[in-house]
Amino acid sequence: MVLYCHVIPALTDPSSIQMPNLSLKGFRVILSASSLTRCGFVFLLLFLYSCASQPYRYSNKQYRKQAHALAKSLEVQPDTGITSDSIRQPDRWIGTVNFGLRKPNFVVIHHTAQQSCEKTLQTFTESPREVSAHYVICADGTLYHMLHDQLRAWHAGAGKWGQVTDVNSVSIGIELDNDGLAPYREAQLQVLLTLLDTLKQRYRIPSANFIGHADIAPGRKVDPGINFSWERLAKKGFGLWYGDTLSLILPESFDARTALKIIGYDVHDQTAAIQSFRLHFMASQRKGELLPEEKKILYALQLKSME
Ligand SMILES: [Zn+2]
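Conventions and cut-offs
- Here the residue numbering is sequential within each chain, running from 1 through the sequence in written order.
- Under the rules for a predicted model, residues below a pLDDT of 70 receive no local features and side-chain atom pairs below 80 are neither given nor counted, while totals for whole chains, interfaces and linings still include all residues.
- Starting at the N terminus, helices and strands are each numbered in turn, a helix being any DSSP run of H or I of at least four residues and a strand any DSSP run of E of at least two.
- With C-beta atoms placed from the backbone, a residue is buried if 20 or more other C-beta atoms are within 10 Å of its own, exposed if 12 or fewer are, and partly exposed between those counts.
- Note on pairing: two strands pair once DSSP finds at least 2 bridges between them.
- Expected span of a helix: the number of residues minus one, times 1.5 Å.
- When we speak of the arc, we mean the arc of directions from the helix axis to the C-beta atoms.
- By the criterion used throughout, residues are in contact when their C-beta atoms, derived from the backbone, lie within 7 Å.
- Where helices are involved, their axes are fitted lines through C-alpha atoms of the stretch in contact, as for all axes, and angles between N-to-C directions lie from 0 to 180°.
- Oblique is the label for any angle not covered by the other classes, which are roughly parallel (under 35 degrees), roughly antiparallel (over 145) and roughly perpendicular (65 to 115).
- Should the near helix be turned counterclockwise from the far one by less than a right angle, the crossing is left-handed, whereas a clockwise turn marks it as right-handed.
- Any nonpolar core is a set of buried residues, restricted to Ala, Val, Leu, Ile, Met, Phe, Trp, Tyr and Cys, that join up through C-beta atoms within 7 Å.
- Note: domain ranges come from an automatic or database domain assignment.

Q: Tell me about the overall build of the protein, and please be specific about residues and values.
A: A count of helical and extended segments in the protein gives 11 helices and eight strands. The proportion of buried residues among the 307 residues of the protein is 28%.

Structure follows, in structure tokens:
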């Protein structure tokens, strides 16, 4: 598209100052001194158009800057960096030539608990929110990739799974656009399943390592919530499932706390751990002691975890 600002005077009036042609976002603009005011207005419109058409231009630029700074920091040989008295100073640094980036080994699924996908994207691109995820899947199935898989997103918070106490460092975070109340849309779930399949294959993530935020933060988080079907995911190979428990006999030695711990739950608050277990494996928010059938499910999961 070509825009001319007061173009006829610019070509016919010799006193006019012909400025170089300027290109901006597909617009070609010719300026003259007498049309600067009008052009200023046009530039303002173009600027506003540019901002509106690329609202995340600034955060994309910041991303590149931060990634570049991280890459630079990795180039520094760490021979002089350790100063703590309690850590022995290395005698010498010799860089190996055999290395790569660490790979994620878990996937943590969340819901955004926000009213729109746009709001989530805005939250994740604002500083200093200190909250982010690798992927956001909108309710309509639009998939946003927001961080390189091998960089550390801030999605898990203070979570624990098994012996992993820094879940952010070993996981990919996926946020599903959902307010926690609405049912998940089919288009969104289809995109999720495809993404999980890609990640599982690319990083060889074990099936049992597909978990929810509620699993790693009992008592603090409930996402992806009661409307999320973990059974459906498990049938596709993402996440642990218990199968048929009808013929299963609960041993006298069964201990719920031990079972929860073996599966991965933080049993510091056992009541909260049971709540997370119910949410994930029974889509239930029931409170109270474990029922006999729930104990069997827990035991079946314990056995699966020990395979
Ligand atoms: Zn979450």
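Q: Report on the pairing of strand 7 (residues 171-176), specifying residues and quantitative values.
A: For strand 7, the tally of buried residues reaches six of six residues, placing the bulk of the element in the interior. Burial along strand 7 is two-sided: the residues Ser-171, Gly-173 and Glu-175 and Ile-172, Ile-174 and Leu-176 are all buried. Across six bridges, strand 4 (residues 106-111) lies against strand 7 in parallel orientation. The residue bridging Phe-106 from the neighbouring strand is Ser-171, located in strand 7. Note that strand 5 (residues 135-137) and strand 7 share three bridges and pair parallel. Note that in strand 7 the partner of Tyr-135 across the bridge is Ile-174.

Q: Give me helix 6 (residues 186-203): which residues, what numbers.
A: Structural remark: α-helix, 3.6 residues per turn; residues separated by three or four positions point the same way. When the terminal C-alpha atoms of helix 6 are compared, their 26 Å separation across 18 residues agrees well with the 26 Å that a helix rising 1.5 Å per residue should span. Within helix 6, the full set of buried residues consists of Gln-188, Leu-192, Leu-196 and Leu-199. Along the axis of helix 6, the buried residues cluster in a sector spanning 70°; they form a single face. Opposite the buried face of helix 6, by more than 90 degrees, sit the exposed residues Glu-186, Gln-190, Thr-194, Thr-198, Gln-201 and Arg-202. Against the buried residues of helix 6 lie strand 4, strand 5, strand 7 and strand 8 (210-212). One or two residues past the end of helix 6 sits Arg-204, with phi positive at roughly 50°.

Q: Can you tell me about the sheet that holds strand 6 (residues 143-145), naming the residues and giving the values?
A: The mixed open sheet is built from five strands, whose spatial order is 6-5-7-4-8. Where the open sheet ends on each side, the last strands, each with one partner, are strand 6 and strand 8. With direction set aside, neighbouring strand axes in the sheet form an average angle of 20°. Of the strand pairs in this sheet, strand 4 and strand 8 are connected by three bridges, and their pairing is parallel. Its bridge partner being in strand 8, Val-107 is matched across the sheet by Phe-210. Each of strand 4, strand 5, strand 6, strand 7 and strand 8 is contacted by helix 6, which is oriented at about 170° to strand 7, the strand it contacts most.

Q: Kindly report on the environment of Ile-205, identifying the contributing residues and their values.
A: Locating Ile-205 in the fold gives a position in the loop between helix 6 and strand 8. On the neighbour-count criterion, Ile-205 (20 C-beta atoms within 10 Å) is buried. Residues Ile-205 and Ser-171, spaced 34 residues apart in sequence, show a C-alpha to C-alpha distance of 9.8 Å. Leaving out residues up to four positions away in the same chain, Ile-205 has contacts with Asn-105, Phe-106, Val-107, Leu-199 and Lys-200.

Q: Talk me through the packing of helix 9 (residues 256-263) against helix 11 (residues 292-305); I want residue IDs and the actual numbers.
A: Look at helix 9 against helix 11: their axes get within 9 Å of each other, and the N-to-C directions meet at 45°. Considering the angle they form, helix 9 stands oblique to helix 11. For helix 9 against helix 11, the interelement crossing comes out left-handed. On helix 11, the residues touching Ala-256, Ala-259, Leu-260, Ile-262 and Ile-263 of helix 9 are Lys-295, Leu-298, Tyr-299, Leu-301, Gln-302 and Ser-305.

Q: A description of the environment of Asp-223 should follow, citing residues and the corresponding values.
A: Tracing the backbone shows Asp-223 in the loop between helix 7 (213-216) and helix 8 (230-235). We classify Asp-223 as buried; it has 21 C-beta atoms within 10 Å. Linking Asp-223 and Gly-180, residues 43 residues apart in sequence, is a C-alpha distance of 7.2 Å. Those residues in contact with Asp-223 that lie beyond four places of it in its chain are His-110, His-111, Ala-113, Gly-180, Gly-212, His-213 and Ala-214.

Q: Can you tell me about helix 9, naming the residues and giving the values?
A: Every buried residue of helix 9 is listed here: Ala-259, Leu-260 and Ile-263. Around the axis of helix 9, the buried residues are gathered within 100° of arc, so they sit on the same side. Phi turns positive, to about 140°, at Gly-264, one or two residues after helix 9.

Q: How would you summarise the nonpolar core if you had to cite specific residues and measurements?
A: In terms of nonpolar packing, the biggest core is built from 49 residues, with Val-107, Val-108 and Ile-174 touching the most fellow members. Summarising the domain contributions, this core has at least three residues from each of domain 2 (101-238) and domain 3 (242-307).

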